[in-house]
Amino acid sequence: MSKSLDSNPRRDGYRMPGEFEPHSACWLLWPERPDNWRLGAKPAQQAFVRLATAIAGSEPVTVGVSAAQYANARRLLPTQVRVVELSSNDAWMRDVGPTFVVNDRGGIRGVDWQFNAWGGLRGGLYFPWDRDDAVAQKVTEIEGCDRYRAPFILEGGSIHVDGQGTVITTEECLLNPNRNPGLSRAQIETQLKRYLNVETVVWLGKGVLHDETDGHVDNLCAYVRPAEVVLTWTNDRNDPQYEISRDAHERLKDARDARGRRFKVHKLQQPGPLHMTAEEAAGVDVAEGTQPRAAGGRLAASYVNFYIGNRCIVAPLLDPRRDRDALRKLQDLFPKREVVGVPGRELLLGGGNVHCVTQQVPLARDRRR
Ligand code: KQY
């Protein structure tokens, strides 16, 4: 049984590794709800199959799926992907799954963040979210590890760590009163230090324009390796994204990480700008309590929303005019991994992308040997 621990990772000597460190597995959830995924989630399911297949070439993949969709998911996913029945409110494993932490003696535990669907009743994206909030416990149970139930709200997509004492996050999300209204910036930093076991919090300002998560960092900026990040970028000064990316660039250039290093910042040109078509918007069911979809709305499209697998980088394909350059740039940044593009449009229409729907399980290693 997965025990709930009455402590925190810092006190117990556990840390969140960088995503670029070795993994033992990757978890996803199966998309299903028709008020988020158009056409009864059928196009999104095809995209998830492509994504799960790409990651499965690099590490074992498990997909959690509702009882109602089990047979369909099992039929569509390749045999090397494990499918387990797991209820959830939607498919954002990065945000609802556990953040795994490891120690130097081969131990692994999960951090089970509190979850309120990206803002609860103050601008959150759907109601209810009780099944999502129970996902992390169930995943740690299946993974056979104990867990820390964090005393505050956080989504995994709102943090990126280097595994060496630094976390990067955004003010737009973590300081948003719809997450932890009772906590000051200093108190949030203290909790991040306890639950990720970091010393330094690097604050960026806003996330990608119109990101409905309130600016998750994983759509804006990601670690390539310690002290080296990739930032979504546009050279168009008339695009409102320009000022957001410029501000993030400046903050990163001014920052020092936990080891006193300056950041090397790589710019990755954004796709588009991309917008939701009338046909796409019309394909999404209307439901009370769910964010409606509007034709013509600008999508929070970014190539930074990629997944780092053991031997691959899985990145979204979003814009035929820009995909090739984006993949080439990622290949330059990750020369030891194969960069694989997967269809990203359906994930984007749902409100996120590859990184948002994946959650790595780090390899627990005994470093004393
Ligand atoms: O991490 C994410 N990008 C989740 C977005 C949730 C969107 C729900 N429509």
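Residues numbered from 1 in each chain as written. Predicted model: local features only at pLDDT ≥ 70, side-chain atom pairs only at ≥ 80, totals over all residues. Heavy atoms only, no water.

**Student:** Explain the site of the ligand to me, and be specific about the residues and the numbers.
**Tutor:** Close to the ligand lie 13 residues, the nearest being Asn36, Asp95, Glu212, Gly350 and Gly351. In the environment of the ligand, a nitrogen atom lies 3.3 Å from a nitrogen or oxygen atom belonging to the side chain of Arg293. Within the backbone of Gly351, a nitrogen or oxygen atom sits 3.0 Å from a nitrogen atom of the ligand. For the ligand, the protein covers 98% of the area, taking 300 Å² as the surface of the free molecule. Across the shell around the ligand, the residue classes tally to four nonpolar, six polar and three charged. (Near = heavy atom within 4 Å. Polar contact = N/O pair within 3.5 Å; in protein donor to acceptor, adjacent residues only side chain to side chain. Areas by Shrake-Rupley, 256 points an atom, 1.4 Å probe, with all protein chains shown as cover. Nonpolar A, V, L, I, M, F, W, Y, C, P; charged D, E, K, R; others polar.)

**Student:** I'd love a proper account of the state of the cysteines, names of residues and values included.
**Tutor:** For the structure shown, the criterion picks out zero disulfides. Between Cys26, a free cysteine, and Cys312, which holds the nearest cysteine sulfur, the sulfur-to-sulfur gap is 9.0 Å. Here Cys356 stays free of any disulfide, with the sulfur of Cys173 as its closest cysteine sulfur at 11 Å. (Disulfide = S-S within 2.5 Å.)

**Student:** Please set out the nonpolar core residue by residue, giving values where relevant.
**Tutor:** Looking at soluble globular proteins, one finds that nonpolar side chains tend to be buried together. Membership of the largest hydrophobic core comes to 49 residues, with the highest contact counts inside it found for Leu51, Val61 and Leu77. Where this core is concerned, the elements lending two or more residues are strand 2 (23-29), helix 2 (42-56), strand 3 (61-65), strand 4 (82-85), helix 4 (93-96), helix 5 (130-143) and strand 15 (312-317). The greatest single-element share of this core, amounting to nine residues, is contributed by helix 2. Not counting residues within four places of it along the chain, the set of residues in contact with Val61 comprises Cys26, Leu28, Ala52, Ile55, Ala56, Gln80, Val81 and Arg82. Residues Ile244, Leu252, Tyr303 and Leu318 belong to the second largest nonpolar core, which totals 44 residues. (Core = buried A, V, L, I, M, F, W, Y, C linked by side-chain atoms within 4.5 Å. Buried < 20%, exposed > 50% of the residue type's maximum accessible area, 1.4 Å probe, protein only. Helix = DSSP H or I, 4+ residues; strand = E, 2+ residues; numbered from the N terminus. Contact = heavy atoms within 4.5 Å.)

**Student:** Residue-level account of unusual backbone geometry, with values.
**Tutor:** At the junction of Phe127 and Pro128, the peptide bond is cis and its omega measures out at -5° in the coordinates. Residue placement: Pro128 occurs in the loop between strand 6 (108-114) and helix 5. Backbone torsion omega between Gly272 and Pro273 reads 5°, so that peptide bond is classified as cis. Following the sequence through the fold, Pro273 ends up in the loop between strand 13 (264-269) and helix 9 (278-282). We note that Leu39 has phi near 50°; this positive angle belongs to a residue other than glycine. The residue Trp118 is not glycine, and still its phi comes out positive at about 65°. Its place among the elements puts Trp118 in the loop between strand 6 and helix 5.

**Student:** An account of the sheet that holds strand 1 (residues 4-5) is needed here, citing residue identities and associated values.
**Tutor:** Reading across the sheet, the four strands line up as 1-7-6-5 and stay open at both edges, with mixed pairing between neighbours. This sheet does not close on itself; its edge strands, each paired only once, are strand 1 and strand 5 (99-102). Lying over the sheet, helix 5 contacts strand 5, strand 6 and strand 7 (147-153), oriented at roughly 170° with respect to strand 6. Its contacts with the sheet put helix 7 (residues 185-196) on strand 5, strand 6 and strand 7, and the angle it makes with strand 7 is roughly 165°. (Pairing = 2+ DSSP bridges. Axes fitted to C-alpha atoms, helices over the stretch in contact; angles between N-to-C directions.)

**Student:** Can you lay out helix 10 (residues 323-333) for me, pointing to particular residues and giving the numbers?
**Tutor:** Listed as buried for helix 10 are Asp323, Ala326, Leu330 and Leu333. Buried residues in helix 10, looked at end-on, bunch into an arc of 90°, giving them a common side. Helix 10 presents Arg324 and Asp332 as exposed residues on the side facing more than 90 degrees away from its buried surface. Residues of helix 10 that are buried in the fold lie against strand 11 (221-225), strand 12 (228-233), strand 13, strand 15 and strand 16 (338-343). (Arc of directions from axis to C-beta.)

**Student:** Help me get a handle on the packing of aromatic side chains, residues and values and all.
**Tutor:** Following the criterion strictly, the structure yields 12 aromatic pairs and no others. For the pair Phe20 and Tyr223, a centre-to-centre distance of 6.5 Å together with 70° between the ring planes defines the contact as edge-to-face. Of this pair, Phe20 sits in the loop between helix 1 (9-12) and strand 2 while Tyr223 sits in strand 11, placing them 203 residues apart in sequence. Ring centres of Trp113 and Phe152 lie 5.5 Å apart, and the angle between their planes is 70°; this geometry places the pair in the edge-to-face category. (Phe/Tyr/Trp six-rings, centres within 6.5 Å; stacked < 30°, edge-to-face > 60°.)

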